[in-house]
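# Structural overview for review
Each chain is listed here by its residues.
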Amino acid sequence: MTSSTRRTAVAALAALALSAGLSACGSDGAKPAAGSSATASTAAGGTATAKVSGTVTVFAAASLKESFTALGKKFEAANPGVKVTFNFGGSSALAQSINSGAPADVFAAASPATMKTVTDAKGATDPKVFVRNTLEIAVPKGNPKHIAALKDLAGSGVKVALCAQQVPCGAAAVTALKAGGVNLTPVTLEQDVKGALTKVELGEVDASLVYRTDVKSDAAKIDGVDFPEAAKAVNDYPIAPLAKAPNAAGAAAFAAYILSPEAQALLTAAGFQAP
Amino acid sequence: MTQRRPGGVPVGQPVAPVRRGRGPRIPYALLLPALLGLAFLVLPLVGLLVRAPWSSLSGQLGSTEVWQALRLSLVCATAATGVSLLLGVPLAWLLARTEFPGRRLVRALVTLPLVLPPVVGGVALLLVLGRNGIIGRRLDSAFGITLPFHTSGVVIAEAFVAMPFLVISVEGALRAADPRYEEAAATLGASRLTAFRRVTLPLIAPGIGAGAVLAWARALGEFGATITFAGNFPGQTQTMPLAVYLAMESDPEAAIALSLVLLAVSIAVLAGLRERWTSAP
């Protein structure tokens, strides 16, 4: 008798601990979303001049890492009490996770095509192009293989890393190579532009096609080589607050901030071109 | 799929043979979490099957890239297991049968890749075996061998991550095997190497088998170290996990189709080896 009651008690305890663990885990994972959604709904539903608060979660293309991190700090300084968290990665992977329901507020993609996969899924409306970016040949400091033009990449003994075609920098690279009539076999197709850049930085490849801004952000270890065909493969970067943004007010405010003259100045200084 | 057993089944059916491990009743405190655990492990796979694009599956799997990636995965995982066996069994023997200063430290170092994030392993491999790495630089200048972006790089990355599984398993088997058999062989005039080959190896064969299966499975699913160290190029270094990841960026249906193939292969292998090595003693 006593043993059976004890057993039931243990079972109840176990169930309790389990559900507590589960709920804790759930709330932990969705913390920024849950916390900010409460503030967002009151803010958005309340007054038109909504005060931004809570956490703004920004999914941004890997190539935006340096400039957006800096801009996020400025945005936080201008809006006390707001925290901006970033998820940088290949645009397509980010778009995919947004479409799968990731709790993001803002999406900044490296190409209209990736943004389109989100807008097509009704995840966002009315994206705005905030910068443009062009490709550059990244070579290790000092340019040991003396690469001066796009066709030099196809030379024998030159190892090239490109982005995978699925991500915008890879699509742009294919366009540029086609425009230059250059046929090359890369040794690797990296999952995002920073991966391609790292392979150059480590000296594992002799060159890579990355964005001009990436070369600039890593100027201590990387040299950039301009090439005329890059003009044929300019990437527009669209930004949009997301339809299911847990923090709608924050999303709108951050997207607006990126289009502001202050943010544009910083982006241009980082090597981006104004749209 | 989940076979529920009524709470009060009496000990063994009168006709059926009594199996071990089945008590008079299963306490709910164990049954509930056990079923939850089972569901947790099985449901994601069910989800994969539910969302699978069955109608377009043949088209998705018709591309040569899929079979190229699968072939590469199988070849590399098998080669990595071979490397692990060749180096891992002697290493396990060293750890289990000899005494030397710092043995515990060596043991900890051997198991380090188990806890290390695979991407970190990949970076570490690049820094050592990459074209500018400590050893890689010499390989490149002396022999013109560069491991990154080459299929051999995939094998190395996979072996790095998978070998500890084999070493741990074989070491455990060695510790469980009675050393007196080896001593008896020695008294009969066998050298230590002969005793190892003729006595120890057959004794620990099941442990080696289990370790090899574990290592092979780990190598087959390897992603982080591979993409970091060996890169990603179809036919050269793009294994199934890499293909799945990149397909996921643009075409989730293709990613699901690829995942199904990998799942089917894994199940086939596990089923083929069932009871032989993977089951608990």
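Please read these numbers as outputs of a predicted model, since none were measured by experiment. (Residues numbered from 1 in each chain as written. Chains lettered and ligands numbered in written order. Predicted model: local features only at pLDDT ≥ 70, side-chain atom pairs only at ≥ 80, totals over all residues.)

## Remarks on the overall build of chain A
Looking only at helices and strands, chain A features 10 helices and 10 strands. Among the 275 residues that make up chain A, the fraction classed as buried is 50%. (Helix = DSSP H or I, 4+ residues; strand = E, 2+ residues; numbered from the N terminus. Buried ≥ 20, exposed ≤ 12 C-beta atoms within 10 Å, placed from the backbone.)

## Here's the deal with the nonpolar core
The tendency in soluble globular proteins is for nonpolar side chains to be buried side by side. Among the nonpolar cores identified, the biggest contains 140 residues, and Val 106, Phe 107, Ala 108, Val 210 and Phe 254 of chain A are the most heavily contacted of them. With 16 residues, the single largest contributor to this core is helix α7 (residues 151-176) of chain B. When residues of this core are assigned to domains, at least three map to each of domain 1 (3-132 + 236-269) and domain 2 (135-232) of chain A. Residue contacts for Phe 107 of chain A: discarding those within four places in its chain leaves Phe 59, Leu 94, Ile 98, Val 118, Ala 124, Ala 240 and Leu 242 of chain A. (Core = buried A, V, L, I, M, F, W, Y, C linked by C-beta atoms within 7 Å. Domains from an automatic or database assignment. Contact = placed C-beta atoms within 7 Å.)

## Focus on the domain arrangement of chain A
Residue and element names in this part refer to chain A. Domain assignment breaks chain A into domain 1 (3-132 + 236-269) and domain 2 (135-232). Between domain 1 and domain 2, the contact holds 10 residues from the first and 13 residues from the second. Here the side of domain 1 that touches domain 2 is built from residues that sort into 2 nonpolar, 7 polar and 1 charged. (Nonpolar A, V, L, I, M, F, W, Y, C, P; charged D, E, K, R; others polar.)

## Topic: the pairing of strand β2 (residues 82-89) of chain A
Residue and element names in this part refer to chain A. Looking at chain direction, strand β1 (residues 54-61) and β2 are connected through 8 bridges and run parallel. Residue pairing for β2: Thr 57 is matched across the bridge by Thr 85. Handedness of the crossover joining β1 and β2 through helix α3 (residues 65-78): right-handed. (Pairing = 2+ DSSP bridges. Right-handed = clockwise from strand over helix to strand, strands pointing away.)

## As for the sheet that holds strand β9 (residues 222-225) of chain A
All names here are of chain A. Spatial ordering of the open sheet is given by β7-β6-β8-β5-β9, a layout of 5 strands whose pairing is mixed. If you trace the sheet from one side to the other, it starts and ends with β7 (188-190) and β9, each paired once. Across this sheet, the average inter-strand angle for adjacent strands is 35 degrees, counted without regard to direction. Relative to strand β8 (residues 207-211), strand β6 (residues 160-163) runs parallel, the two sharing 2 bridges. (Axes fitted to C-alpha atoms, helices over the stretch in contact; angles between N-to-C directions.)

## A look at the packing of helix α11 (residues 240-250) of chain B against helix α12 (residues 252-273) of chain B
The relative placement of two packed helices comes down to the angle between their axes together with the axis-to-axis distance. All names here are of chain B. At a minimum axis distance of 7 Å, the contact between α11 and α12 shows a crossing angle of 160 degrees. Compared by their axis directions, α11 and α12 come out roughly antiparallel. Read as a crossing pair, α11 and α12 show a hand that is left-handed. Residues Met 240, Ala 243, Val 244, Ala 247 and Met 248 of α11 lie in contact with α12, whose contacting residues are Pro 252, Ala 254, Ala 255, Leu 258, Ser 259 and Leu 262. Considered class by class, the residues forming the contact of α11 with α12 number 10 nonpolar, 1 polar and no charged. (Parallel < 35°, antiparallel > 145°, perpendicular 65-115°, else oblique. Left-handed = near helix turned anticlockwise from the far one by under 90°.)

## Remarks on the environment of Ser 260 of chain A
All names here are of chain A. Within the secondary structure, Ser 260 sits in the loop between α9 (248-258) and α10 (261-269). What makes Ser 260 partly exposed here is the crowd of 13 C-beta atoms within 10 Å. With 109 residues separating them in the primary sequence, Ser 260 and Lys 151 have C-alpha atoms 39 Å apart.

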